[in-house]
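Given next are the chains, with one letter for each unit.
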Amino acid sequence: MRYLISLLILALLFTPVKIRAGEGENIWTSGKFKVEIDGSKIVIMNNNKKMVVISSIEFNFTKPISISVKMNTPEKLSLEMKYPSEAKYREEGKPLYAQVDISVSNNTIEFFSDPKWSEHVTINMEDNGEHFFGILEPLYPGNRKSPDLRGEVVDVDIQGNGDQYHENYADVWSAFYMTNRGYASFFDTFAKGRYKLGINNQTSLYHRTGKLEWYISIGNNGDEILKEYYGIIGKPKYVPMWACGPMAWRDENKGGKEEILSDIKKMTELQIPFTSWLADRPYSNGSNNWSKMDFNSKFSNPKEWIGEINNKYGMQFMTWVGPMTFEDKEFPGLLPNFKGYMDLTNPDAVREFKRRLNEFQYSAGVKGHKMDRAEEQFPEMSPWYDKTPEAERRNKYIYLYAKTIDSFLSEKYDKDQFNYSRGAFHRCQPYLSALWGGDSRASWDGLAGSIANSMRCGFMGFPVWGSDVGGYLGGGISEELYARWLEFGSWSGFFEIKLDDTGGKGEERPPWKYSAKLINIFRNCASFRMDMEPFIYSLVNTSYKNGVLMKPLAYVFPEDKKTFDIWNEYMFGNTFLVAPITDSSSTRKIYLPKGKWLDFYNRNIKYEGETEINITVPLDHIPIFVKSNSFYITGRMLDGNSKLWKNGGNEKRLNIYAFPGEMGDRITFDYIDYLDNNKEKNFVMSKSNDIIEISSPPLSTEAVYVIKTDVGPKSVTVNGEKIKWEWDNAYGTVIIHLKKEEGFHIQIRN
């Protein structure tokens, strides 16, 4: 008899699902989505094209034995799924039920269910040949730089990887991925999980939670998909103008405040501009020169010397922080662990953390933090004050760390503050200004690995990413490597430069230790970054609708199979294609996707897209291409320390570079006018019948338009009136000078 019962149970588990629905109830349409219950499957279509086929939704690793359509209204489709009693750990002999509600908002469809008897969720989908991008920053598997995760098993669980991967502690994870088929998946949970991507004709998404909150968003490219994603998790955090410029630091300031001021003074004497500076640990009293969170005797009178950095040099100042006290146990609300991690759900711990930073740092003018160490040897088994389940603790802690530090800074400075971290999880974006790519090696492989890390973070929807320029693990490096890393850093979302060896032990690498040639490259990279402030500032603060700054090629061109494995090229905004040099040679192959491209340094050199080229550049150039039908803007909005050597007054000016596309093309650039209360203003350009038209609202500065037309125009009008204009025959550009505080409609006839 027992044998017959076992056979009956197996038959129930593996019997195809029976759908009980009246005529027409098994098809539901909302917006662009159509959901069809087809036998044992749930088919999701986008504009009547099959997109995702769910073969089963398992709770506690058990498939349903039947599905009923419980409700079919324009707003919602509710399915009742019946599971055998064995799906619950302590079976009660009765069937178990889970209601799955399906709804649509904009271009996103959501699946929600919360059966109280479940502790595990698995979504099984048919393999449709998708390629998968995102989920994690480390170069998994096996230090592979390609971002394509098809055919891999990936754990969704933050780990402090140490030296497991070449880049060290590149610790960003997300239960979010994009595909090349016009959709992305987001499982909204902090619970650890495991994804099997396109293996044995199936993709499976597992999380150790009983709650299903799963979203599928559609779009033609990464920008469109992330606009949907940010609609779920919240807009990315505002980034102040001063954080868009260069920043420098040492791993250890052995000379204390005098060394910091000396470094800034020497940079100023070399006319190398900066807008911010950082002090890394150690700088405090207490355990590991941190736990008291104050400034020790080497950094005494912080208000005075930080004030000098602010007032004399026009720069902002930041410090290192960690969510632990190490061996110092004189702190409320610590988790039981030798690292002394704070329980960030314990009000006493958060209150004391805030008090110390307010009293010792913010009162002295510290305006931001480098957030470190939250993912190392974390005591995930220790119970929390708010009873967060063990399976969620590691991932949720990173999120709480970002949210907690942001709350401290926001209360003191509102939006005029900046925090960046090496560890992050989804939902950190509204609370984290930027990421940096962990403790990379000071080597060519470290540079290459950092670029690959940045691409993975772009797919995960983290808008601003940077690396320790020159590498973290190592001191003096070759001039060639230093130059190439500086160039990459200046074309990253966040540009920060490390000036010494690990722990300040070995050979340091400030520019004055190198040749005049390297100093000039250093200066040019920093100066170029300063000139790009309005462009970068506009990109980072419209990322909620325009996507990440460093866009992987498969993110922009998902239909192009040749982009899937590319890790060493990216779009910077929607204007530039950047292709860093990652070895000691000056030559590399570059793939140019669909479109027309201009050489950044010689804009008379043009390339047709969907082709591979070989290019050689000198040491002071990084391969850059400008996409037709695009804008970019330059103009130094903040001077930083360059105010001490710049000529002329304080009058600001924008240079607006426009590259018209083909007939019928139209492009919009969303400009954030820093000098006009951060108002968003739109530049619009179109081309039709040999007429180029550009419109702009009133600006707070004078503007010079440089418009690529190749041939001298027959006429140029502004607001319908002919004006004086210049023609640059060498570059094939029309140059127009316009006054501030006026709106313009430019028309150029060729």
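Look up a bit, the structure's there.
Quantities reported herein were computed from a predicted structural model and do not represent experimental measurements. (Residues numbered from 1 in each chain as written. Predicted model: local features only at pLDDT ≥ 70, side-chain atom pairs only at ≥ 80, totals over all residues. Heavy atoms only, no water.)

A. A look at the sheet that holds strand β15 (residues 193-199). With antiparallel pairing, the eight strands of this open sheet are ordered in space as β2-β3-β4-β5-β10-β16-β15-β12. Each edge of the sheet is formed by a strand with only one pairing partner; in this case those strands are β2 (27-30) and β12 (153-156). Averaged over all neighbouring strand pairs, the angle between strand axes comes to 20 degrees, with direction disregarded. Two strands pair when backbone bridges link them, and strand β4 (residues 41-46) and strand β5 (residues 49-59) are joined in this way by five bridges, in the antiparallel orientation. Along β5, the bridge assignment pairs Ile42 with Ile54. (Pairing = 2+ DSSP bridges. Helix = DSSP H or I, 4+ residues; strand = E, 2+ residues; numbered from the N terminus. Axes fitted to C-alpha atoms, helices over the stretch in contact; angles between N-to-C directions.)

B. How the structure looks around the packing of helix α8 (residues 479-490) against helix α9 (residues 516-531). Between α8 and α9, the least distance of the axes is 9 Å, while the angle of their chain directions is 5 degrees. Classed by the angle they form, the pair α8 and α9 counts as roughly parallel. Along the contact surface, α8 presents Glu479, Tyr482, Ala483, Leu486, Glu487, Gly489 and Ser490, while α9 presents Leu518, Ile521, Phe522, Cys525 and Arg529. Here the contact of α8 with α9 is composed, by residue class, of seven nonpolar, two polar and three charged. (Parallel < 35°, antiparallel > 145°, perpendicular 65-115°, else oblique. Contact = heavy atoms within 4.5 Å. Nonpolar A, V, L, I, M, F, W, Y, C, P; charged D, E, K, R; others polar.)

C. Molecular detail of the sheet that holds strand β25 (residues 465-469). Read around the closed barrel, the eight strands follow the order β18-β19-β20-β21-β22-β24-β25-β26; overall the barrel is parallel. When the angles between neighbouring strand axes are averaged without regard to direction, this sheet yields 25 degrees. Packed on one face of the sheet, helix α3 (residues 256-269) meets β18 (247-250), β19 (276-279) and β20 (316-321) and runs near 150 degrees to β19.

D. Quick peek at the pattern of salt bridges. Considering all chains together, one arrives at 52 salt bridges under this definition. Arg355 is the partner of Glu359 in a salt bridge, and the nearest nitrogen-oxygen pair spans 2.5 Å. Of the two residues, Glu359 and Arg355 are both situated in helix α5 (residues 347-360); the distance of four residues between them amounts to about one turn of the helix. A salt bridge links Lys545 to Asp670, with the shortest nitrogen-to-oxygen separation between them at 3.6 Å. Taken together, the positions of Lys545 in helix α11 (residues 543-546) and Asp670 in strand β37 (residues 666-673) put the pair 125 residues apart, joining distant regions of the chain. Here the residues in one salt-bridge network are Asp157, Lys192, Arg208, Glu380, Glu390 and Arg394, joined through shared partners. (Salt bridge = Lys/Arg side-chain N within 4 Å of Asp/Glu carboxyl O.)

E. Summary view of helix α2 (residues 222-233). Helix length check: α2, at 12 residues, gives a terminal C-alpha distance of 16 Å against a target of 16 Å (1.5 Å per residue), a fit within 8%. Here α2 has its buried residues at Gly222, Asp223, Ile225, Leu226, Glu228, Tyr229, Tyr230 and Ile233. Here α2 starts with a cap whose side-chain oxygen sits 3.1 Å from the backbone nitrogen of Asp223, and that cap is Asn221. A positive backbone phi angle near 110 degrees is found at Gly234, which sits one or two residues after α2. (Expected span 1.5 Å × (residues − 1). Buried < 20%, exposed > 50% of the residue type's maximum accessible area, 1.4 Å probe, protein only. Polar contact = N/O pair within 3.5 Å; in protein donor to acceptor, adjacent residues only side chain to side chain.)

F. Local environment of helix α6 (residues 390-413). Across its 24 residues, α6 extends 34 Å between first and last C-alpha, which sits within 8% of the 34 Å expected from 1.5 Å per residue. Judged by how many residues are buried, α6 sits mostly within the fold: 19 of 24 residues are covered. Positive backbone phi, at 60 degrees, marks Asp414, one or two positions downstream of α6.

G. How the structure looks around the side chain of Lys257. With respect to the helices, strands and loops of the structure, Lys257 is situated in helix α3. We note that Lys257 is buried and unpaired, the nearest opposite charge coming from Glu258 at a distance of 4.5 Å. A polar side-chain atom of Lys257 sits 3.0 Å from the main-chain carbonyl oxygen of Ser300. Excluding anything up to four places from it in sequence, Lys257 contacts Lys298, Phe299, Ser300, Asn301 and Trp305. (Lys, Arg positive; Asp, Glu negative; His and termini not counted.)

H. Quick peek at the packing of helix α7 (residues 444-459) against α8. The geometry of α7 relative to α8 is characterised by a closest axis approach of 10 Å and an angle of 15 degrees between their N-to-C directions. Comparing their axes, α8 and α7 come out roughly parallel. For the crossing formed where α7 meets α8, the hand is left-handed. Each of Trp444, Gly446, Leu447, Ser450, Ile451 and Ser454 in α7 lies in contact with α8, whose residues at this interface are Glu480, Leu481, Arg484, Trp485 and Phe488. Split by residue class, the contact of α7 with α8 holds six nonpolar, three polar and two charged. (Left-handed = near helix turned anticlockwise from the far one by under 90°.)

Treat this as a map of the structure, not an account of what it does.
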